[in-house]
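These are the residues of each chain, in order.
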Amino acid sequence: MKLRGKTALWLVASAFFFAAVSASTVNDCIADDNTMGVKADSTAEVSNVDSTAAAPNPSSVVDEVIWVVGDEPILLSDVENVRMQSELEGVKWDRNPDCAIPEQLAVQKLFLHQAAIDSIEVTESEVAQSVEEQINYWIQMTGSREKLEEYKNMSLSELRQTLHDDFRNRLLINREREELVSDITVSPADVRRYFSELPEDSLPIIPTEVEVQIITRTPKVAQEEVDRIKNQLREYTERVNKGETSFATLATLYSEDPGTARQGGAFQDYVGRGVLDPTFASVAFNLTDPKKISKIVETEYGFHIIQLIDKRGDRIKVRHILLRPKVTQEAIDFAASQLDSIAGNIREGKFSFDEAATFISDDKDTRNNHGLMANQGNDGRMTSRFQMRNLPPEIAKVVDSMKVGEVSAPFQMISLKNGKTVCAIVKLKNRVETHRATITEDFQTMKDIVLAKRREEFIDKWIKDKIKATYVRINDRYKNCDFQYEGWVK
């Protein structure tokens, strides 16, 4: 496995987490770009470094500050955490990890420092969504929530809280990087000139891309489960009204919203109606008394109770408790059976996949486009083409062996959007096999390559300049390291 670009940064940003991330996640990050320049190879030699730089096992040492970047410390335990995770993932560094890892941590600090200067912000809802997507991905890879909790040795609630701060930093870093390169563009002439100078066998290989249509059915939650959830929320309301405990305490303990539970259920910012679920917003904006708790509200995410904190004009700040009902295997099997019948009717020509996706599918994001899935690229541009690694893993597994025009059997997956269990069938609409890029067929991809290279060069120069302008103090045992960037040792 090679390690470079955002993968290195992500691994560093996730240093707290010792459990292995799936290879698909790592490969997805690898493909993004190469801006940090960290590479690894199973046959690479380790650079020369003072032997004292090798850090012992974190369980056997007292933690210490080994670097300071600006006013931010880097701890020995931070380095060891990244090392442990990289070992779990089979990552091998082409330089001594005792040098490469703290350098990447230091680069992370540079971006976070600049993000603070530039007043870059991310919302709690963005952090929550990123955390939830990662957890849902892991659930898909392990097979169930229970297996994930067993594998990670913590509850989903604990896992969400553990992931929060590092995913917030990851979002801040990505947003700062986007801000830094936002003015960099390339023209069609730039693209043609760049590739005209490359020999044909050096032209990029375009991986296989597919276009996929999907129909989903969401298993129905049993009324008994709905009643259980509602009774639980009513009990919370009663306990707060009686003064036995606070809403914030209950939210911290029991809410299943990863973005707000750690803040006692409170949204970090004042928000307008447009950023909230319409049903949630309707109830929240009608609250007037901070001592009162709302009625139970149902949204696509589950069931909520809401408490007003403050209201400023057309913006409010609230806290809430979210509980998600669980579906039975019987309900899942029934939804899969429905889809099996639908797939059979499509194969028999009774109606088309397009018609079924439009009128039967539960997937709000695709049914208005005949079920065609959309993929957002790094530049925000939407396309119907997916590389296999960019598809949800359960869909990729099914599509991999399908022929164009074929309709799959039903399968189960976890929605990355809201974490619900859904059943699905897919149709492989188109497949473009792996090939060398051509300017006529793959211009956008080739443009992206040139743009990424320009941005990489800019970021590389920015890091070097930032190092020169930032206070850095390094423990003596790291001063003989073969760093990627010069200027760390003042």
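Residues numbered from 1 in each chain as written. Predicted model: local features only at pLDDT ≥ 70, side-chain atom pairs only at ≥ 80, totals over all residues. Heavy atoms only, no water.

Participant: Any chance you could explain the overall build of the chain here in plain terms?
Facilitator: The secondary structure content of the chain amounts to 15 helices and 14 strands. Burial statistics for the chain: of 490 residues in total, 47% are counted as buried. Relative to all contacts within the chain whose residues are 6 or more apart in sequence, the contacts with residues 24 or more apart total 71%. Accessible surface, the chain as shown: approximately 24300 Å² in total, 47% of it carbon and sulfur. (Helix = DSSP H or I, 4+ residues; strand = E, 2+ residues; numbered from the N terminus. Buried < 20%, exposed > 50% of the residue type's maximum accessible area, 1.4 Å probe, protein only. Contact = heavy atoms within 4.5 Å. Areas by Shrake-Rupley, 256 points an atom, 1.4 Å probe, with all protein chains shown as cover.)

Participant: Would you explain the environment of D166 in this entry?
Facilitator: Relative to the helices and strands, D166 resides in helix α7 (residues 156-180). Overall, D166 belongs to the buried group, its relative accessible area being 18%. C-alpha separation for the pair D166 and V127, spaced 39 residues apart in sequence, amounts to 9.4 Å.

Participant: In this structure, what is going on with the packing of helix α9 (residues 223-241) against helix α10 (residues 247-254)? I would like to understand it.
Facilitator: The angle between the axes and the distance between the axes are what describe a pair of packed helices. In contact at an axis separation of 9 Å, α9 and α10 are set at 145° when each is read in the N-to-C sense. Only F247, L250 and Y254 of α10 make contact with α9, whose side of the interface consists of Y236, R239 and V240. Of the residues contributing to the contact of α9 with α10, the split by class is five nonpolar, no polar and one charged. (Axes fitted to C-alpha atoms, helices over the stretch in contact; angles between N-to-C directions. Nonpolar A, V, L, I, M, F, W, Y, C, P; charged D, E, K, R; others polar.)

Participant: Explain the pattern of salt bridges to me, please; I cannot follow it from the model alone.
Facilitator: Note on pairing: side chains with opposite charge can pair once their charged atoms come close. According to the stated counting rule, one finds 23 salt bridges in the structure shown. When the shortest N-O distance is used, the salt bridge between R324 and E132 registers 3.7 Å. With a gap of 192 residues between them, R324 in the loop between β7 (315-323) and α12 (329-347) and E132 in helix α5 (residues 124-142) connect regions that are remote in the sequence. Take E132: its relative accessible area is 7%, and that puts it in the buried class. For the salt bridge of K464 with D460, the shortest nitrogen-to-oxygen distance reads 3.2 Å. Here K464 and its partner D460 are both found in helix α15 (residues 443-469), four residues apart, which amounts to about one turn of the helix. By sharing partners, the salt bridges in this structure join E80, R83 and D98 into a single network. (Salt bridge = Lys/Arg side-chain N within 4 Å of Asp/Glu carboxyl O.)

Participant: Looking at this structure, how should I read the sheet that holds strand β4 (residues 209-217)?
Facilitator: Whether parallel or antiparallel, the strands of a sheet pair through hydrogen bonds between backbone atoms. Taken together, the four strands give an open sheet; going across it, the order is β10-β4-β12-β11, and neighbouring strands pair in antiparallel fashion. The sheet terminates laterally at β10 (386-387) and β11 (411-414), the two strands that pair on one side only. Strand direction decides the pairing type here: β4 and β10, joined by two bridges, are antiparallel. What sits directly across from E209, in β10, is Q387. With respect to the sheet, α12 is in contact with β4, β11 and β12 (421-432), its orientation differing from that of β12 by roughly 30°. (Pairing = 2+ DSSP bridges.)

Participant: Where do I start with the layout of surface pockets in this structure?
Facilitator: It is the rolling of a water-molecule-sized probe over the atoms that shows where space remains empty. As a volume, the second largest pocket reaches approximately 830 Å³. Secondary structure elements with two or more residues in the lining of the second largest pocket: α5, α11 (278-284) and β7. The element best represented in the lining of the second largest pocket is α5, accounting for six residues. (1 Å grid on protein atoms, 1.4 Å probe; cavity = no way out; pocket = protein on both sides within 12 Å on 5 of 7 lines; lining within 4 Å. Points joined across faces, edges and corners; volume = space filled by probe spheres on them.)

Participant: Is there a simple way to explain the sheet that holds strand β5 (residues 297-299) in this structure?
Facilitator: Overall, antiparallel pairing links the three strands, which are arranged β5-β6-β7 in an open sheet. Where the open sheet ends on each side, the last strands, each with one partner, are β5 and β7. The mean angle between the axes of side-by-side strands here comes to 45°, regardless of whether they run parallel or antiparallel. The pairing of β5 with strand β6 (residues 302-312) spans three bridges and is classified as antiparallel. Counted as the bridge partner of E298 is F303 from β6. Along the sheet face, α9 touches β6 and β7 and points at about 35° away from the line of β6. The strands touched by α10 within the sheet are β6 and β7, with β7 carrying the most contacts at an inclination of about 50°.

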